[in-house]
Amino acid sequence: MVAEGENNWRIGGLLISQNHKLSRLNSQRALFLERFGDGPVNILRAPARINILGEHVDYVSYLPTASLPFGSAEHDMMMMYRATESDQINGASTCADYPPFRFALGDGPPIQKSDETESNWLSYLYAAPPPVPHWGTYVEGAGFFARLKYGAQRVRRGFDFLIDSSIPPRGGASSSSALTVLAGAAIRAVNDIECEPRELARDSAQAEWYVGTRGGSMDHLTICLAKRDHAVRIEYQEQRTRLLPLPSERFCWITFFSHPADKGQAVMLQYNERAAVSRVLIPAIIDDWSRHEPLRHAAWLAALEAKSSTALDDVQQSLRELPHSLTLNETERTHPEAFKECARAFPALMKNERELPLKVRDRALHHIGEVRRVAAAERILDEFFNPQAAAEERSDDPQTAMRAIGQLLNESHESLRDLYEVSTPEVERLREIVLADAMTYGARLMGGGFGGNLLALTDRENASSLIHRVQSKFYRPRERDAVREGSVMVSTPGAGLSALTREDVWREAVEEFNNAAGADVETNRKVINALLDDLPAIESVWPVIVAAGKGTRARATGLSVPKPLAEVSGTPAVLRVLRTIQSASAATAMRPPIVIVSPETELGVREALTSEEVTFIMQREALGTGDAVWRAHQEMRDFTGHALIVWSTQPVIRPQTVRRTLALAALFSHHRMILPTALKHHPYAPLVRDPRGQITAARETYLENAPSFDFGETNIGLFLLNSQAMFEALAELRRAYWNEPQQRYDRPRGELGFPNELINSLSTQPHGVLASPIADSREEHGIKGFPDVARCEQFISELSDK
C-alpha cells in the first residue's frame, strides 16, 4: 500500500483552478486546510464500479458464480488524508450532505488472542446491533476490522481525511464500497502495513458487513484490481480473477441515475432476505439432497464439476425443482442448522420477517442465468477483442459483438426485474426511454437495486444524443437537470485503487485539458499555463533552429530577403527566435544552438548571429524540413536529452510558451514528442486526435495538399523531442522513402516533412506524441511572405502584456 512520506506533498502549494480535476483538488484543499490545517498529505483514488453482468451473485455460496465489472476512468472517489499520533479518525466530505464525524479505533471490538480474524469479526457483528445509518460507519468498519486483524500494537495511529467523490451515492456504482476500500487502504498506510490489493479487497468486503448488509466482494475486488481498457472477470468461489479486453474507443457505457436506492431498514431487509436465501437456505436444501435424494445430489455435483454448457442445463433443471418459497418458521422445522445461521447472520430479518415467504426458486434461477450470461460475454470478448486469440477466430465486426453483449444486458435486467424483484416503476420508465434509442444496444439495472443506476451500452458517437433524449423525456418532466445533479456518468474502463502524487493529479488535469480542448479553452488554458509555470522544466536541452530553404514563394510576395532574415520590429526573425529560446531556457542546461542553413540563407544568417555562440550545419538541397533536422544527427549522435526544434520564421512564439513546453516534458517524461499547439480557424497543419483525445496523425496542407479544417488544432513551429527517438524515427523514414538514384524522397514534392512525418510515425508507439493547446493562436503565425512581417509585429505587440 501507500508508504507515508513517499508520496507526500505540501498541500499549501496546490493551485486553485477551474479544471475538473484541479477544481476537485482545490475544494479538498480549502476544506482540508480549514478543518485540519496545513501540512503533508497523501491522496488515494478509488474508481466507481461499473458492473456489466453478474449482478447479485457475489454472495452466492452454492454455485460457482462470476461477475464482469470494470472500474470507471472518469468517475471516482478521492481521499485526502494525513496520519495522526492518536487512534482518532476524523472524517469530513466536500459534500454538505455528509456531516463530519470522529471515532476512536479503541471503540471497536476487543482484541482477541485467536488468529481467526473472520470468526472473531463475525462474532463481534452478531453480538451487536447494526450501527445507526451514517456514512461514517463504512470507515468505522474498515478501521475496526484492520485493528482486529493486525492488533492494537500495529494499528495505533488514526488519520484525518477529506472525501471528494464524483460517484453518485446510493446509485449502484459502489460509492460505499469505494469509501470502505479507501479507509482500509489509509489505515494500513498510516500504520506502515503492507497489503496486497486482493487481500485489501477481501478484508474490505468483510469490513463492510459492519454497516448491516451482508454482501459479497465484487465491488471491492473491482475497485482494487481494475485495469485500463479491461473488464475484471471475478470468480467468487475460487476467488480468481481474469482481465478481459473491453473496447472503449468506439463504444461507451452510460449510467443514468433513476432515484436514490433507499438504504433504510425496509430495503436492508429486502437485500438481506436475498442474501440469506442465497448464502444459507438454498445450500441447506441442496445439502439435504445428499441424504434424501442421493442420485439427484450426485448428478448436481457432476454437473458443477463439468462446467460445460450441457452441464449448466442440468444445473438449471435441478434448480427448477427447488421449492417456490420458504418462511423462516418453516426453515426452523425443516433445516434447523440453516435457521440458526440465519439467526446469527441476519438478526433483523429474523426479528421482522419470520412469517414472510422467502422466494427460493426464482432467486436461484436468476443466479444460474447470470452465470450463463457472464460466460457468454467472456466468450464474446475473447473472440472479438483478445489480441492473443488466433486471428482466424476473431471477427472483424465489433458492433456485432457489442450488440450481443447488449442483448445479454437486456436478459439480465429482465431477470433482475422478474426473478429477483429489485426494479422499480421509475427504473422501468427510464429503461423504456433509453431502449427507444435505436443505437442503444442494451440496458439493465445496475447495483443492489430498488432504484439507483441504469447501465446502457451504446456507440460513443451516439452518447450525446442518447443523453439529450433521456434528459428531455425522463429528467425534465420530473423537474430535474441530469447534468447539474450529476445523474449521468459516461464511463470507460480505467485503473483501480491508486495512490496519487501531485504530479499524477497534474498529469490528469493536463490530459483532460488536452482531450477536451474545445470546451472553454481560454479559461482552461489560463489554468493549465499557471500550473505549468509552477512546475520545474527539463534540464538537458539542445535547440535546433531551422533557417534553411530557397525562399522562392516568399520572394514572389515582395520579400527581398530570405524569411529567417526578415526584420520584425528591427530584429531579424532568426535572432528573435534565438533570443526567445535563450530567455526561456535560462534555468536549463541548454547547449549552444545548432542552426540549419541553406546556401541561400547561410551568409545572411551567419551575419545576423555573428555575436551568438551557435553551430552552423548546411542543408545543400531543399529536401524538406525533416531532412533539414536530419542534418544535425552527426553533431547530436551522443546526446541523450531533448532536442528543441524551432522554425526560424516563427518570431511570435513567446518565451513562456517555450518554458511551459519544457515543463510539459518534465511532467510527461516518457513521451517521445511534446508540442505546444493552438486552436484556430483554418489551421495550416491540423492535428488529428482519436475519440480518447490521443494524437493519431498530422496533416501538412502545403506538402500533402491536405484540405484545411474550418477549425482545428495546429502546431506553432516549435517541437520538443527525445533526441535519440527523433533521430531513430528520421533514420527509419529515410530508409523508407529516400530514392538514391533520384536523390530525392518518395514523398510529395520530393521532400521529407516535419513534424507531420514524425507525428504520424511516433503516434503509433506507446507514449508517442503529447500535444497541448497551451499557445495563443497568434503564436502560430509565421513568416511566409512580406505581409506576414507586419502581422507578426502586430501580434508581438498584442501579446507583450500577456
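Let me begin by describing the structure that accompanies this report. (Residues numbered from 1 in each chain as written. Predicted model: local features only at pLDDT ≥ 70, side-chain atom pairs only at ≥ 80, totals over all residues. Heavy atoms only, no water.)

Here's the deal with the overall build of the chain
Counting its secondary structure elements, the chain contains 27 helices and 31 strands. Across the chain, every contact between residues at least 6 apart in sequence was considered, and the portion connecting residues at least 24 apart equals 78%. Accessible surface, the chain: about 32,800 Å² in total, of which carbon and sulfur atoms supply 48%. (Helix = DSSP H or I, 4+ residues; strand = E, 2+ residues; numbered from the N terminus. Contact = heavy atoms within 4.5 Å. Areas by Shrake-Rupley, 256 points an atom, 1.4 Å probe, with all protein chains shown as cover.)

Quick look at helix H19 (residues 521–533)
Taking 1.5 Å of rise per residue, the 13 residues of H19 would be expected to cover 18 Å, and the 18 Å separating its terminal C-alpha atoms lies within 8% of that figure. Those residues of H19 lying buried are Val521, Asn524, Arg525, Val527, Ile528, Asn529, Leu531 and Leu532. (Expected span 1.5 Å × (residues − 1). Buried < 20%, exposed > 50% of the residue type's maximum accessible area, 1.4 Å probe, protein only.)

What to know about the nonpolar core
The biggest cluster of nonpolar side chains holds 149 residues, and the ones touching the most others in it are Phe161, Trp253 and Phe256. For this core, the element with the most residues is helix H7 (residues 265–292), which contributes 13 residues. Sequence-distant contacts of Phe161, that is, excluding residues within four places in its chain, are made with Phe32, Phe36, Met79, Met80, Tyr81, Ile89, Asn90, Gly91, Ala92, Phe101, Trp135 and Val139. Formed by 46 residues, the second largest nonpolar core is a distinct cluster that contains Leu535, Leu565, Leu667 and Ile674. (Core = buried A, V, L, I, M, F, W, Y, C linked by side-chain atoms within 4.5 Å.)

Points about the side chain of Gln619
Along the chain, Gln619 falls in the loop between strand E22 (615–618) and helix H23 (625–630). Judged by relative accessible area, which is 4%, Gln619 ranks as buried. Engagement of the side chain of Gln619 in a polar contact is seen with the side chain of Asp627, the distance being 3.0 Å. Excluding residues that lie within four positions of it along the chain, Gln619 makes contacts with Ala548, Ile596, Val597, Ser598, Pro599, Gly624, Asp627, Ala628 and Arg631. (Polar contact = N/O pair within 3.5 Å; in protein donor to acceptor, adjacent residues only side chain to side chain.)

Concerning the environment of Gly693
When you line up the elements, Gly693 lands in the loop between strand E25 (687–689) and strand E26 (695–698). In sequence terms Gly693 and Gln742 are 49 residues apart; their C-alpha atoms lie 40 Å from each other.

Digging into the sheet that holds strand E12 (residues 440–446)
Across the sheet, which stays open at both edges, the 4 strands sit in the order E12-E13-E9-E14 with antiparallel pairing between neighbours. Each having just a single partner strand, E12 and strand E14 (488–491) make up the two edges of the open sheet. Neighbour-to-neighbour, the strand axes of this sheet turn through a mean angle of 20°, independent of strand direction. The strands touched by helix H15 (residues 425–435) within the sheet are strand E9 (251–257), E12 and strand E13 (453–459), with E12 carrying the most contacts at an inclination of about 165°. (Pairing = 2+ DSSP bridges. Axes fitted to C-alpha atoms, helices over the stretch in contact; angles between N-to-C directions.)

Quick word on the packing of helix H4 (residues 175–190) against helix H5 (residues 197–207)
How two helices pack is summed up by the angle between their axes together with the distance between the axes. H5 packs onto H4 with a crossing angle of 120° between their chain directions and a minimal axis gap of 9 Å. For the element pair H4 and H5, the recorded crossing hand is right-handed. For the pair H4 and H5, the contacting residues are Thr180, Val181, Gly184, Ala185 and Arg188 in the first and Leu200, Asp203, Ser204 and Ala207 in the second. For the contact of H4 with H5, the residue count by class is 4 nonpolar, 3 polar and 2 charged. (Left-handed = near helix turned anticlockwise from the far one by under 90°. Nonpolar A, V, L, I, M, F, W, Y, C, P; charged D, E, K, R; others polar.)

Observations concerning the pairing of strand E24 (residues 673–681)
Among the 9 residues of E24, 8 are classified as buried, and the element is accordingly described as predominantly covered. Inspection of the sheet shows E24 paired to strand E28 (residues 718–722) by 2 bridges, in the antiparallel sense. Looking at E28, one finds that Met673 is bridged to Leu721. The sheet contact formed by E24 and strand E31 (residues 769–772) spans 4 bridges and is parallel. Considered in E31, the bridge of Pro676 is made with Ser772. Relative to strand E27 (residues 711–715), E24 is paired through 5 bridges, and the arrangement is antiparallel. Following the sheet pairing, His681 is matched in E27 by Phe711.

Examining the pattern of salt bridges
Applying the stated rule across the entire model yields 43 salt bridges. Among the salt bridges present, the one from Glu235 reaches Arg240, with a minimum N-O distance of 2.9 Å. Judged by relative accessible area, Glu235 falls into the buried class, the value being 12%. Exposure remark for Arg240: the relative accessible area of 43% places this residue in the partly exposed category. Two residues, Glu602 and Arg606, come together in a salt bridge whose shortest N-O distance is 2.9 Å. (Salt bridge = Lys/Arg side-chain N within 4 Å of Asp/Glu carboxyl O.)

As for the packing of aromatic side chains
For any pair of aromatic rings, geometry is given as the distance between the ring centres together with the angle between the planes. The tally for this structure, following the rule as stated, stands at 26 aromatic pairs. When the centroid spacing of 6.1 Å and the interplanar angle of 55° are considered together, the rings of Phe70 and Trp253 count as tilted. On the criterion of sequence distance, the pair formed by Phe70 in strand E3 (residues 66–83) and Trp253 in strand E9 is long-range, its members being 183 residues apart. There is no split in this pair, since Phe70 and Trp253 are both buried. Geometrically, the ring pair formed by Phe103 and Phe144 is edge-to-face, given 5.4 Å between the ring centres and 80° between the ring planes. In this pair, Phe103 is assigned in strand E5 (residues 101–104) and Phe144 in helix H3 (residues 136–150), connecting sequence segments 41 residues apart. In this pair, the class of Phe103 matches that of Phe144, namely buried. An aromatic cluster is defined as three or more aromatic residues linked by ring pairs; in this entry it consists of Tyr81, Tyr98, Phe101, Phe103, Trp121, Tyr124, Trp135, Phe144, Phe145, Phe159, Phe161 and Tyr210. A cation sits over an aromatic face here: Arg296 above Trp289, 4.8 Å from the ring centre. (Phe/Tyr/Trp six-rings, centres within 6.5 Å; stacked < 30°, edge-to-face > 60°. Lys NZ or Arg CZ within 6 Å of the ring centre and 35° of its normal.)

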